[in-house]
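One-letter residues, chain by chain:
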Amino acid sequence: MTETLTGAQITVRLLERQGVRVLTGYPGGAILPIYDALGESTTIRHVLPRHEQGAGFIAQGMARVSGEVAVCLASSGPSATNLLTAIADAKLDSIPLVAITGQVPRAMIGTDAFQEVDVYGLSLPITKHSFLVSSTEELLEVIPRAFAIAASGRPGPVLIDIPKDIQSRAIEVADWPAPGCRRPVAPADGMALTEAAALIGAARQPILYLGGGVIHAGASRLATELAEKANLPTVMTLMALGAMPVDHRLSLGMLGMHGAPCANLALEECDLLIAVGARFDDRATGKVAAFCPQAKIVHIDIDAAELDKIKAAHVGIVADLGEALARLLPLVPENPRRAWNERVATLKTEHPQPLPGLADPRSHFGLIRCVAACVDDAAIIVTDVGQHQMWVAQAYPLRRPRQWLTSGGLGTMGFGVPTAIGAALAAPERTVICFTGDGSILMNIQELVTAAEVQANLKIVLMDNAVLGLVHQQQTLFYGQGPVASTFQVLPDFTAAARAFGIAAVDLDAAANPLAALADAFARPGPCLIHARIDALQKVYPMVPPGAANRDMIGTQA
């Protein structure tokens, strides 16, 4: 049946047909037609953040937990530019988003009209694809295509910029396009898989190196099965934590700049590195020329551009990781590798991750472990960016994929609270814990109101050391002037601020029994902020100095 619909109504109808049930955005003049059409929808719930960047990160939280494409909206000009940081963050961490922005009417584009910005041009370097819609009819093609692009291959963000007159113009629609969906990837090359299996079988000291692509592909179980069958000690990037349980017998934990000493030292000795869904990021490799100096490399990734980009692969395989691992597994011979695993066990014993103060709930590591004791493995762990992020990566017992949400590639302060709200919206049955710092939380503290409004099942653990921790640490260690502009002279009363924003708050510093106070906070329904002072002199160790090799870690002693 033919219907006469505006571009805005078509947009909303297409989102409904894509299965979108929750989206987030901030209204403004150039996108009001779409908001008017949203008011007619009986299936889509709109969540209002208090800043457009919050909308982008709330959508990220939904996408990171579900693995599905999430949607955020913004208006033109400053509304759209506020969204760009969250889009750039999604691009670097391969998170599937569709961001829809309003634009001034077509006749006004290029005239410096009120709230006109070339969002299409600005977004090109930080998206998988960007669209500037040129007609109402084009929406029927563009919107499903945007979802397909965001979900296909290496996931990522897609932006659709829609001029206001296109939203308002009505056309007749007789046939609706099929929803956009993930396109299949060409199967892995069989000869390359056979060659990779032969290298694994012949290796004496191999290591499995898992990146965030393992999580995105839903291939964590297969990666663990490969490790178990071939007895491969396994390291994980920051983005891959949870792909293998941290306490698995083959897990060496996180590698790289703040990785476990035993992981970095084992990589120094390996003769074969099997990189799966990892991009050899500088925070993982340290000085690239000195990374795994004796190793041949097998590299499996869905993105052909990643192969040979940083390290040359002896065998490079472009494929969906799930498909590639499922076919590789039967080809790989079982191998006990007793000598190598005994050597790795010695490294783990002699060079463990230093975790001082685990028994003290008022220390940073002790607080993290006490928080972990309040929940089970169903909990979702979100961090902001800074020292607290690295401490949680080192100390929290992460045991499942999509349990861990953090800003890896862009390292965006302000990521934590809105992303945690999105996680709570996507998985309301789970407890969401956001670890944040005094610097990071102030970047998007207004979203505490959003958490209160949606009554997110969210506990925010604020580790307050009154400094920009990682900046302060690097200035102290590597710069002659010491800390400059990294110490806060004035900070708010965070518990009072949280209550003013409408959420409960607990101050662990004032609690006679911090363990009981934590238990009480986690027993409360809805969002709650848990404030704890942290010694500003505490540092994240080990640390690979900038430009150094991973073997040159400092601060490795407990």
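Each remark here, short or long, concerns the structure printed above.
A brief structural summary. (Residues numbered from 1 in each chain as written. Predicted model: local features only at pLDDT ≥ 70, side-chain atom pairs only at ≥ 80, totals over all residues. Heavy atoms only, no water.)

1. Looking at the packing of aromatic side chains
Alright, step 1. On inspection of all chains with the given rule, the structure shows five aromatic pairs.
Alright, step 2. A ring pair is formed by Tyr209 and Phe291, whose centres lie 6.2 Å apart and whose planes are at 65 degrees; its orientation type is edge-to-face. Residue Tyr209 is located in strand E9 (residues 206-210), and its partner Phe291 is located in the loop between helix H12 (282-285) and strand E13 (296-301); the two are separated by 82 residues in the primary sequence.
Alright, step 3. Residue Tyr209 is classed as buried on the basis of its relative accessible area, which comes to 0%.
Alright, step 4. Ring geometry for Tyr396 and Phe435: centres 6.3 Å apart, planes at 70 degrees, overall edge-to-face. Linking Tyr396 in the loop between helix H16 (387-395) and strand E16 (404-405) with Phe435 in strand E17 (residues 432-437), this pair joins segments that are 39 residues apart in sequence.
Alright, step 5. Members of the aromatic cluster, joined through ring pairs, are Tyr209, Phe280 and Phe291. (Phe/Tyr/Trp six-rings, centres within 6.5 Å; stacked < 30°, edge-to-face > 60°. Helix = DSSP H or I, 4+ residues; strand = E, 2+ residues; numbered from the N terminus. Buried < 20%, exposed > 50% of the residue type's maximum accessible area, 1.4 Å probe, protein only.)

2. What about the pairing of strand E18 (residues 458-464)?
Both faces of the sheet carry side chains from a regular strand, because those side chains alternate between them.
Alright, step 1. Within E18, seven of the seven residues are buried, which leaves the element mostly enclosed by the surrounding structure.
Alright, step 2. Along E18, one buried face is formed by Leu458, Ile460, Leu462 and Asp464 and the opposite face, lined by Lys459, Val461 and Met463, is buried too.
Alright, step 3. The sheet contact formed by E17 and E18 spans six bridges and is parallel. The partner of Phe435 across the bridge, within E18, is Val461.
Alright, step 4. Pairing of E18 with strand E20 (residues 528-533), which is carried by six bridges, proceeds in the parallel orientation. Each residue of the ladder has a partner; that of Asp464, found in E20, is Arg533. (Pairing = 2+ DSSP bridges.)

3. Concerning the packing of helix H1 (residues 7-17) against helix H6 (residues 139-151)
Alright, step 1. Look at H1 against H6: their axes get within 10 Å of each other, and the N-to-C directions meet at 30 degrees. Where H1 crosses over H6, the handedness of that crossing is right-handed. Here Gly7, Ile10, Thr11, Leu14 and Leu15 of H1 lie close against H6, whose contacting residues are Leu139, Leu140, Ile143, Pro144 and Phe147.
Alright, step 2. Among the residues forming the contact of H1 with H6, the class breakdown is eight nonpolar, two polar and no charged. (Axes fitted to C-alpha atoms, helices over the stretch in contact; angles between N-to-C directions. Left-handed = near helix turned anticlockwise from the far one by under 90°. Contact = heavy atoms within 4.5 Å. Nonpolar A, V, L, I, M, F, W, Y, C, P; charged D, E, K, R; others polar.)

4. Notes on unusual backbone geometry
The phi angle of most residues is negative, glycine excepted, and most peptide bonds adopt the trans form.
Alright, step 1. Cis rather than trans, the peptide bond between Tyr541 and Pro542 has omega equal to -5 degrees.
Alright, step 2. With respect to the secondary-structure elements, Pro542 resides in the segment after E20.
Alright, step 3. Unusually for a residue other than glycine, Gln455 sits at a positive phi of about 50 degrees.
Alright, step 4. Residue placement: Gln455 occurs in the loop between helix H19 (447-454) and E18.
Alright, step 5. Look at Gln455 and you get partly exposed, because its relative accessible area is 47%.
Alright, step 6. In this structure, Ala485 takes a positive phi of about 60 degrees despite not being glycine.
Alright, step 7. With respect to the helices and strands, Ala485 occurs in the loop between helix H20 (469-478) and helix H21 (494-500).
Alright, step 8. For Ala485, a relative accessible area of 75% translates into the label exposed.

5. Some thoughts on helix H3 (residues 52-66)
Alright, step 1. Its 15 residues place the ends of H3 21 Å apart at the C-alpha level, agreeing with the 21 Å of an ideal helix rising 1.5 Å per residue.
Alright, step 2. Most of H3 sits inside the fold, with 14 of its 15 residues counted as buried.
Alright, step 3. One or two steps after H3, the chain reaches Gly67, where phi turns positive at roughly 80 degrees. (Expected span 1.5 Å × (residues − 1).)

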